[in-house]
Amino acid sequence: QVQFVESGGGLVQPGGSLTLSCTASGSIFTLGAMGWYRQAPGKQRELVAQITRGGSTNYADSVKGRFTISRDNAKHIVYLQMNILKPEDTAVYYCNAVLARYQESWGQGTQVTVSS
């Protein structure tokens, strides 16, 4: 079973940037498309960015043009570069496979707070 450790979150002012990392304990290549998810207080977890094994990406409309997902299959790491952050981006961010049949247990996530 692959485990995920998310890191890189923190407190940032509106308009700022953060880079999140998700380090997997095993191969992410075998998991196929990987995604970054977020869950804000009182809301359901949502998929905000995804990347295929080959590097094709897709984003939720709310983050398109501001977030960039990337992956290093050799190092078992998925990244999320977040720019022009807004208060509504405040959430706990997680990574996992996109397809349900490949999803592993959820990690602890990393808290992102956007506030002045």
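Residues numbered from 1 in each chain as written. Predicted model: local features only at pLDDT ≥ 70, side-chain atom pairs only at ≥ 80, totals over all residues. Heavy atoms only, no water.

> Which parts of the structure should I look at to understand the sheet that holds strand E8 (residues 77-82)?
Note on sheets: strands pair through backbone hydrogen bonds, and any given pair is parallel or antiparallel. Judged by pairing direction, the sheet is antiparallel, and its four strands sit side by side in the order E1-E3-E8-E7 without closing on themselves. Two strands lie at the open edges of the sheet, namely strand E1 (4-7) and strand E7 (67-72), each paired on one side alone. When strand polarity is set aside, the average angle formed by the axes of neighbouring strands in this sheet is 15 degrees. Here four bridges tie E1 to strand E3 (residues 18-24), and the two strands are oriented antiparallel to one another. By the bridge assignment, Ser7 is partnered in E3 with Ser21. (Pairing = 2+ DSSP bridges. Helix = DSSP H or I, 4+ residues; strand = E, 2+ residues; numbered from the N terminus. Axes fitted to C-alpha atoms, helices over the stretch in contact; angles between N-to-C directions.)

> Explanation requested: the sheet that holds strand E4 (residues 34-39) in the structure shown.
Sheet architecture is open: six strands sit in the order E2-E10-E9-E4-E5-E6, paired in mixed fashion. The open sheet has two edge strands, strand E2 (10-12) and strand E6 (57-59), and neither has a second partner. Taking each pair of neighbouring strands and ignoring which way they run, the sheet shows an average axis angle of 25 degrees. Pairing analysis gives three bridges linking E2 to strand E10 (residues 110-114), with the strands arranged parallel. Considered in E10, the bridge of Leu11 is made with Thr113.

> Explain the state of the cysteines here, please?
What we call a disulfide is simply a covalent bond connecting the sulfur atoms of a pair of cysteines. As enumerated under the stated definition, the model contains one disulfide in all. Bridging Cys22 to Cys95, the disulfide has an S-S length of 1.7 Å. With a gap of 73 residues between them, Cys22 in strand E3 and Cys95 in strand E9 (residues 91-97) connect regions that are remote in the sequence. As far as burial versus exposure is concerned, Cys22 and Cys95 are alike and both buried. (Disulfide = S-S within 2.5 Å. Buried < 20%, exposed > 50% of the residue type's maximum accessible area, 1.4 Å probe, protein only.)

> How should I be thinking about the environment of Tyr102 in this particular structure?
As for its position among the elements, Tyr102 is in the loop between E9 and E10. For the pair Tyr102 and Ser115, spaced 13 residues apart in sequence, the C-alpha separation works out to 35 Å. The contact partners of Tyr102, leaving out residues within four places of it in the chain, are Thr30, Leu31 and Ala97. (Contact = heavy atoms within 4.5 Å.)

> Is there a simple way to think about the nonpolar core in this case?
Generally speaking, a soluble globular protein has its nonpolar side chains buried in company with each other. Ranked by internal contacts, the top residues of the largest apolar core, which has 29 residues, are Phe4, Met34, Trp36, Ile69, Leu80, Met82 and Tyr93. Elements with a minimum of two residues in this core: E3, E4, strand E5 (46-51), E7, E8, E9 and E10. Phe4 has contacts with Cys22, Thr23, Ala24, Leu31, Met34, Cys95, Asn96, Glu104, Ser105 and Gly107, leaving out every residue within four places of it along the chain. (Core = buried A, V, L, I, M, F, W, Y, C linked by side-chain atoms within 4.5 Å.)

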